[in-house]
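Architecture and fold: a report
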Amino acid sequence: MGAAAEAFAEAAVIEHRRGFRRRWYRTPSFVAGASILGTIVLLALLAPVVSWHDPVQQNLLGILQGPSWTHPLGTDELGRDEWARLLYGARTDLRVAFLAVLFPFAIGTAIGLLAGYFGRWVDTLTNWFVNVVVAFPFYVLIIALVFALGSGTRNIYIAITIVGWVSYTRIVRGEVLVAKRREYVLAAQAGGLSNARIIARHLLPNVITQAIVFAMSDIVLDILAIVTLGYLGLGVQPPTADWGKMIADGQTYLTTHWELSTIPGIAVVITALGLSLLADGLADLLRPE
Amino acid sequence: MTELLEVRDLRVDFPLPGGVLHAVDGASFELRAGEALGIVGESGSGKTMALRALVGLLPRAARLAGGEIVFEGVDLASASAETLRAIRGRSIAMIFQEPMTALNPVMRVGEQIAEGPLVRLGYSRRRAHERALELMRLVGIPDPEERAEAYAHELSGGMRQRVMIAIALSMEPKLILCDEPTTALDVTIQDQILKLLASLRAQLGVSVVFVSHDLAVIAQTCRRVAVMYAGQVVETGPVEQVFREPRHPYTLGLLRSVPDVDDRRDVLSTIPGAPPDLADPPSGCRFHPRCAFAQDDCVDGEFPLRALDGERATACIHHELAAEDVRREPVIAGG
Amino acid sequence: MSLTGYVARRLIQIVPIVLGVTVLVFFLIHLVPGDPARTILGNHATPHKVALLHREWGLDKPLPVQYWRFLKRMVRGDLGSSLFYSVPAGRLVVQRLPPTLWLIGLGTLFSVLIAVPLAALAATKRDRLPDQIVRAVPLVGLGFPQFWLGIMLLLAFGLHLGRGFPVGGYGSGVLGHLHSMFLPALTVALAIAPILVRSLRASLLEVFESDYVTTARSKGLSERRVLVRHALRNAVISTVSVLGVNIGFLVGGTLIVEQVFALPGIGQLMINSIFERDFPVVQAVTLAFAIMVVLVYLLTDVVHALLDPRVRFD
């Protein structure tokens with residue numbers, strides 16, 4: 001009885017995975033997203049090679065210069081090379097965004113699994129926590145937390161985790177509620193498998209796909225959050241290059257050198273576009289037939 | 001006799017990523033004024049799509065792929081969207097299977113009944129409301145003034161279906177298309193609704209096309225029947241004659257597979273095999289892979305309906321085999 | 001169940017959430033490294049005052065007791081005094097509330113005005129060019145940092161094309177407010193409109209396939225009437241829910257937009273207070289934001305119930 005249930009669940013999981021391998025290169029959004037993101041990540045990784053100035057090197061004699069051979073995108077208000085700052089900003093922001101997604105993903109998924117599977121007071125309590133956190137506007141809570149904890153990258157991770165676990169919990173809980181009524185779970189339970197095993201081996205692989213898809217778009221949210229914090233002066237601290245700070249610094253020169261604020265913003269939009277396309281493509285691929 | 005509706009070689013397609021699914025693949029039938037025609041078949045036979053095609057209410061994924069639909073001299077298959085729209089409701093009305101989903105959940109039922117006369121007949125609000133109450137009385141809804149203010153979810157299944165019938169009658173159409181109107185109702189209510197439909201037909205002289213998979217319901221309601229299989233009409237004729245002495249092996253199979261309380265058997269009789277893949281149907285007679293009487297000449301060719309004597313027609317070229325079989329072992333037709 | 005019954009029931013349901021919100025706000029100060037009393041007093045800290053606060057707030061007592069005292073103070077309206085302005089934090093928040101409320105209201109209005117026609121266009125012209133464009137926009141649009149969008153709008157309409165709108169400030173009088181609020185409200189609306197458009201379009205497409213739309217068509221009604229009287233009427237219901245769920249995002253957006261356009265609302269108050277390390281005000285504004293979100297969410301729920309008769313009859 002247990003073996004049959006295991007086999008059934010295996011089959012369900014394999015179905016998902018097989019679909020993925022088969023079609024990824026034929027899904028336009030996935031390919032487009034991966035290309036865009038891949039290019040940006042590549043540029044960011046190769047930043048030291050592709051740019052030839054130090055992003056924090058000031059040159060007060062050559063401020064606010066336009067594009068030239070040495071400075072393809074000109075210089076900012078402190079004479080720093082825009083192109084280098086753009087690339088290094090990508091490094092910083094992308095790295096922080098990717099890492100920042102992991103903790104909420106892990107914690108949120110775990111809580112969602114438990115709440116969905118065990119139900120009753122576990123679920124009620126979880127819902128209460130979720131509703132309380134959700135009552136705070138995302139940025140308000142992030143900013144308040146960063147203020148309380150102090151600035152710096154480590155505290156950004158903590159703040160995003162405290163605020164971000166909620167979405168994963170909701171998604172996973174929803175999936176679990178549906179999945180736990182399916183035959184393979186009932187069969188596993190009837191077969192006497194322990195709760196831990198059911199959750200880990202049977203529920204998790206089937207409910208996690210939605211969480212993964214969301215994680216992709218969550219990275220977008222995190223990039224926006226980091227950039228916004230940077231704009232407000234609460235994010236990654238200078239002199240490390242960060243797109244948000246670049247936009248903030250450029251705002252004073254909006255009338256004369258509007259490109260200072262515009263270009264980093266475009267970089268954000270393109271990165272976000274790549275990630276969104278990737279997320280859409282992934283959602284398409286992982287959707288059961 | 002003039003026909004109110006004549007359908008010739010109707011085709012409805014569902015384009016699919018891998019090919020085309022022929023939901024209706026050359027169906028023909030006709031209806032006279034004042035008559036009730038039943039269309040019977042299993043799910044997948046194309047009967048619902050055929051019905052919907054008549055007024056151009058196919059689902060988005062489907063396409064009218066051919067044939068003629070002549071209603072009062074006008075070919076609806078090639079009519080403009082405007083013409084179709086003008087005919088809907090006023091000349092041809094429709095009743096759907098699931099009244100809970102077929103009624104707008106956020107609009108009061110009285111409003112929904114009155115909408116046709118209000119918008120299309122130019123009635124004033126008051127007159128349309130009065131007409132709605134009148135119709136509700138006609139279909140046997142008690143306390144119409146109160147019920148008119150209700151929402152669909154506040155009414156029982158039987159009441160909802162009565163509302164649907166009231167809507168269908170609201171613009172005094174000549175023809176009502178019924179898509180399994182009683183399938184979703186429980187048996188006692190089903191009976192009430194069928195009796196209501198019969199009495200309305202007698203009162204108002206409206207013609208009806210009644211689609212169902214339930215042979216008993218068709219037998220009770222209709223004078224003539226068309227049997228559909230795999231997107232085609234395989235047999236037509238007066239209900240009594242067709243059910244007592246079917247002239248198509250599929251009709252025979254259908255009749256035999258209706259469980260009868262009075263007839264004790266060890267095994268439930270079914271038609272062997274499975275319904276065909278409508279994207280890639282069998283060659284020749286669609287039914288031949290499952291047919292107990294199939295011969296060599298059933299495997300290839302076209303098998304349109306051919307008239308027999310009286311009002312009957314069949315697509316089967318070996319129909320006497322079916323008739324013989326039923327003479328030997330009569331089917332006690334339900335109903 | 002009547003509407004008032006429904007509202008009353010929902011009000012009772014949010015009480016635990018409001019309490020939870022206060023707990024979280026209470027914990028904020030305990031996250032700050034160091035002595036909470038010193039954090040609150042900032043520059044005004046003297047050993048005497050610190051000791052006083054320790055006693056009053058019970059900072060040596062267990063947390064639940066501290067929380068209880070905090071709650072009692074809150075109910076009295078005492079959220080501490082602003083370190084910068086030397087007025088009660090609560091009063092400061094209330095004073096600065098109107099611009100933020102204007103922004104939220106106008107932003108919501110604009111977002112609906114933008115989303116509904118676009119979604120209707122996309123749904124009725126499904127898979128054709130207008131739909132493709134409408135679907136592509138959220139894809140790109142959701143990647144716009146809201147503050148950057150604001151700056152771009154400022155650049156375009158405030159500084160270059162026509163200089164039609166002021167680059168900051170609140171203006172005076174209703175018309176002045178509307179004038180100054182136009183670009184900020186538009187920024188807020190554009191940030192949330194893609195989500196609404198996506199949701200409403202999906203709802204409409206679903207509704208178009210529904211049986212009651214087929215019934216409506218079978219009455220021979222014009223497509224326009226089917227769209228407005230039947231499809232939209234149903235589709236907006238779920239969109240109101242989506243708006244409610246995303247209201248936190250909308251309200252949070254005002255924080256940033258106020259910063260970009262220099263609007264004297266509570267968002268700007270919060271940012272300034274953060275840089276001045278004025279903890280009582282930060283705490284008060286955080287609380288205010290959460291209460292606002294909860295109330296607005298309740299409001300959207302009520303609107304939902306008004307639009308959907310099925311909801312009240314549980």
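Residues numbered from 1 in each chain as written. Chains lettered and ligands numbered in written order. Predicted model: local features only at pLDDT ≥ 70, side-chain atom pairs only at ≥ 80, totals over all residues.

Points about the nonpolar core
As a reminder of what qualifies: A set of buried Ala, Val, Leu, Ile, Met, Phe, Trp, Tyr and Cys residues, joined through C-beta atoms within 7 Å, is what we mean by a nonpolar core. To sort residues by burial, count the other C-beta atoms lying within 10 Å of each one's C-beta; a count of 20 or more means buried, 12 or fewer means exposed, and anything in between means partly exposed. C-beta atoms are built from the backbone. Put simply, DSSP marks the helices as runs of H or I at least four residues long and the strands as runs of E at least two long, and each gets a number from the N terminus on. We call two residues in contact when their backbone-placed C-beta atoms lie within 7 Å.
The biggest cluster of nonpolar side chains holds 269 residues, and the ones touching the most others in it are Ile142(A), Ile143(A), Val209(B), Val285(C) and Val293(C). Top contributing element to this core by residue count: helix H9 (residues 195-232) of chain A, with 21 residues. Excluding anything up to four places from it in sequence, Val209(B) contacts Leu31(B), Leu37(B), Ile39(B), Leu51(B), Leu177(B) and Cys178(B).

A short note on the interface of chain C and chain A
Contact residues are listed per partner, giving 35 residues for chain C and 35 residues for chain A. For the side of chain C that touches chain A, the secondary structure elements donating two or more residues are helix H1 (3-31), helix H6 (129-141), helix H7 (146-160), helix H11 (247-261), helix H12 (266-275) and helix H13 (279-307) of chain C.

Some points on the sheet that holds strand E8 (residues 207-212) of chain B
Residues and elements named next belong to chain B. To keep it simple, the criterion reads: Only when DSSP finds a minimum of two bridges between them are two strands counted as paired.
Judged by pairing direction, the sheet is mixed, and its 8 strands sit side by side in the order E6-E7-E8-E3-E9-E10-E12-E11 without closing on themselves. The open sheet is flanked by strand E6 (92-95) and strand E11 (306-307), the only strands paired with a single partner. In the sheet, E6 pairs with strand E7 (residues 175-179) via 4 bridges, with the strands oriented parallel. For Ile 95, the partnering residue across the bridge sits in E7 and is Cys 178.

Thoughts on the sheet that holds strand E5 (residues 74-75) of chain B
Residue and element names in this part refer to chain B. As summarised here, the arrangement of the 4 strands in space is E2-E1-E4-E5, forming an open sheet in which the pairing is antiparallel. Every interior strand has two partners, whereas the edge strands, strand E2 (19-32) and E5, have only one. Pairing between strand E1 (residues 3-16) and strand E4 (residues 63-71): 7 bridges, direction antiparallel. Each bridged residue has a counterpart across the sheet, and for Glu 6 the counterpart in E4 is Val 70.

Some words on the interface of chain B and chain C
Formally: Amino acids are sorted into nonpolar (Ala, Val, Leu, Ile, Met, Phe, Trp, Tyr, Cys and Pro), charged (Asp, Glu, Lys and Arg) and polar (every other residue, Gly among them).
Listed by partner, the interface residues are 24 residues for chain B and 19 residues for chain C. Of all elements in the fold, only helix H2 (81-87), E6, helix H3 (99-102) and helix H4 (109-120) of chain B reach the threshold of two or more residues within the side of chain B that touches chain C. When residues in the side of chain B that touches chain C are grouped by element, the largest group, 4 residues, is from H4(B). Residue classes in the side of chain B that touches chain C are distributed as 12 nonpolar, 5 polar and 7 charged.

Some details on the pairing of E4(B)
Residue and element names in this part refer to chain B. Pairing of E4 with E5 involves 2 bridges; the strand directions are antiparallel. From the neighbouring strand, Phe 71 faces E5, where its bridge partner is Val 74. Linkage of E4 to E5, two consecutive antiparallel strands, is achieved through a turn of 2 residues, within which Glu 72 is found at a positive phi near 50 degrees.

Focus on the environment of Ala248(A)
Residue and element names in this part refer to chain A. Along the chain, Ala 248 turns up in helix H10 (residues 243-251). Residue Ala 248 is classed as buried on the basis of its C-beta count, with 23 C-beta atoms lying within 10 Å. Measuring from C-alpha to C-alpha, the distance between Ala 248 and Val 227 comes to 9.9 Å, with 21 residues separating the pair along the chain.

So, the confidence of the model for chain C
Cut-off, in case you're wondering: Looking at any residue, its pLDDT shows the predictor's confidence there, from 0 to 100.
Mean pLDDT over chain C stands at 84; residues scoring 70 or higher make up 95%. Confidence estimates for the predicted assembly give a pTM of 0.79 and an ipTM of 0.84.

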